[in-house]
Every structure is written in C-alpha cells, then in structure tokens.
Amino acid sequence: MARLMFAEYGVGIDLDDIKPWARDPALLEINPAATVPILIQDTDPPVVGTMAVIHAIEDRYAPTAVAGLFPSQPAARNEMWRLLEWVLVKLNDEVTRYILEEKIVKRDQRGAVPEPGVLRVAKANLGEHLHYFNWLFATRSWVAGDSMTLADFALAAHLSSLDYLGDVLWDTSPETRQWYARIKSRPAFRTLLNDRIGGMPAAAGYADLDF
C-alpha cells in the first residue's frame, strides 16, 4: 500500500527485500516487532508501521492543489478509515496472512508444508469478503464512495497478493473484478504487477489488464 501511494504521488523510492519472519538483526534493531513497512529517509528517525508510514507519506507528498488519498470531508474520511480497517485487520486476519504464511513463509521453513485445511478456510473466508465488496461496488464507484481513496489501495494490494497466488475467483465477483480492472490499469499499480517471487511464477492473467 505504501508503494502504491509513492507511485501515485510520483515519488521514487528504493526498496529493500526483507523477510520479516526471518527476524534479521538489522530489522530488529529498527523495529523489535519485526514488522514492515519501515520508511527510512535522510536523517529523520525511521517511521515504523503501516499507519505511521501512510500518514507520513500523505503529510509529505500529497499534492496540495488536488485532493490526496485522504478525503477532505469528515463523512467520506470516516468511511475510508472504516474500510481501511476492514482490509488491514479483518481481511488480513481472516484471509491474507493465512494464505501468505502457508504458501510463502513456509517455503523458508525446513520441513514445513502448507496445511490444506487452513487454506480451505481462508479461501472460504475470502469468498465471504468478496460478497461484501461486490455489494459495495454495486452502489459506489470506489471502495469508500465516489472517489478513490487509500482504502482502494489497501484492498487492491491485498487482492494483488492473493491474485498472484491464484486464489481469487474473479468469475464469481463481477463487481469487484470491474473495480480491480480499473485500479489495476493505473500507472501506479505497475509497481506491483512487475514484481515476481523467486521460484514462484505469478498465476495466469495476474499482470493482464484485461483479465
């Protein structure tokens, strides 16, 4: 999500490829919780954690002449925060973290293999989440309303990870698919579509704008 914000605002960044679950001492020195993202810039102290980083990006780089990714109106901003929390907490805790742990993290753990039961439950939960977002997109253009906000980037980032692994059933989610096709076509999204995991090719259609 932070990468999408930087790309949307036209800010170039350098990325470090970090596996938080490896608990690298250099990472622990900056953040004992061993979590990302971490924003390191010039001589400023590191900005640690998702909420702190997105606020720092918005404060430093959001254009002043036009609206940024945080709505200016209180009601719209409240809806953005509601759905951002839905994605970062509810969707992540019920779907994304389990699928990534089983399919990616366990690749670095000797003798570990994905548990089909965990994946089955996570995919069932994903179906329920997509039902809700289909309902939302039937009545609005973007996740939180009529304008694109940070909530759109959050949901798109999660779905991109799941889509890379082939776990999103787009045929049963037409409304969400239509929204994803629009946000997937934005120049900022190329920062994600060009990524690849070593030894794990992307699912068919992952990088296609017409999928």
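Now for a look at the structure at hand. (Residues numbered from 1 in each chain as written. Predicted model: local features only at pLDDT ≥ 70, side-chain atom pairs only at ≥ 80, totals over all residues. Heavy atoms only, no water.)

## Focus on unusual backbone geometry
What you tend to see is this: most non-glycine residues have negative phi, and most peptide bonds are trans.
Item 1. With an omega of 15 degrees, the peptide bond between V36 and P37 qualifies as cis.
Item 2. On the secondary structure map, P37 appears in the loop between α2 (25-30) and β1 (38-39).
Item 3. Of note, D42 is a non-glycine position whose phi angle comes to about 50 degrees, a positive value.
Item 4. Along the polypeptide, D42 turns up in the loop between β1 and β2 (47-48).
Item 5. The class of D42 is exposed, set by a relative accessible area of 72%. (Helix = DSSP H or I, 4+ residues; strand = E, 2+ residues; numbered from the N terminus. Buried < 20%, exposed > 50% of the residue type's maximum accessible area, 1.4 Å probe, protein only.)

## Quick word on helix α4 (residues 74-103)
Item 1. Where α4 bends most, at N92, the angle is about 75 degrees.
Item 2. Buried within α4 are the following residues: E79, M80, L83, L84, W86, V87, L91, V95, T96, I99 and E102.
Item 3. The elements touched by buried residues of α4 are α3 (50-61), α5 (116-137) and α6 (150-164). (Bend = angle between axes of the 7 residues up to and from the residue. Contact = heavy atoms within 4.5 Å.)

## A short note on the pattern of salt bridges
Item 1. Evaluated as defined, the whole model comprises 13 salt bridges.
Item 2. Residue D195 is joined to R3 by a salt bridge in which the shortest nitrogen-to-oxygen separation is 2.5 Å. Placement of the pair is D195 in the segment after α8 (190-193) and R3 in helix α1 (residues 2-8), with a sequence separation of 192 residues.
Item 3. Linked through salt bridges whose partners overlap, the residues forming this network are E79, R82 and R140. (Salt bridge = Lys/Arg side-chain N within 4 Å of Asp/Glu carboxyl O.)

## Here we look at the packing of α6 against helix α7 (residues 174-184)
How two helices sit against one another is set out by the angle between their axes and by the gap between those axes.
Item 1. One way to put it is that α6 packs onto α7 with a least axis distance of 11 Å and a crossing angle of 100 degrees. Looking at the two axes, α6 sits roughly perpendicular to α7. Judged by residue contacts, D152, F153, L155, A156, L159, S160 and D163 of α6 engage T176, W179, Y180, I183 and K184 from α7.
Item 2. Split by residue class, the contact of α6 with α7 holds seven nonpolar, two polar and three charged. (Axes fitted to C-alpha atoms, helices over the stretch in contact; angles between N-to-C directions. Parallel < 35°, antiparallel > 145°, perpendicular 65-115°, else oblique. Nonpolar A, V, L, I, M, F, W, Y, C, P; charged D, E, K, R; others polar.)

## Quick word on the environment of V118
Item 1. Mapped onto the elements of the fold, V118 is located in helix α5.
Item 2. On the basis of relative accessible area, V118 is assigned to the partly exposed category, the value being 22%.
Item 3. When the C-alpha atoms of V118 and Y98 are compared, they prove to be 7.1 Å apart, with 20 residues separating the residues in sequence.
Item 4. Setting aside its immediate chain neighbours within four residues, V118 contacts Y98 and E102.

## Digging into the environment of L4
Item 1. Tracing the backbone through its elements, the reader meets L4 in helix α1.
Item 2. For L4, a relative accessible area of 0% translates into the label buried.
Item 3. Those residues in contact with L4 that lie beyond four places of it in its chain are F153, A157, A188, F189, T191 and L192.

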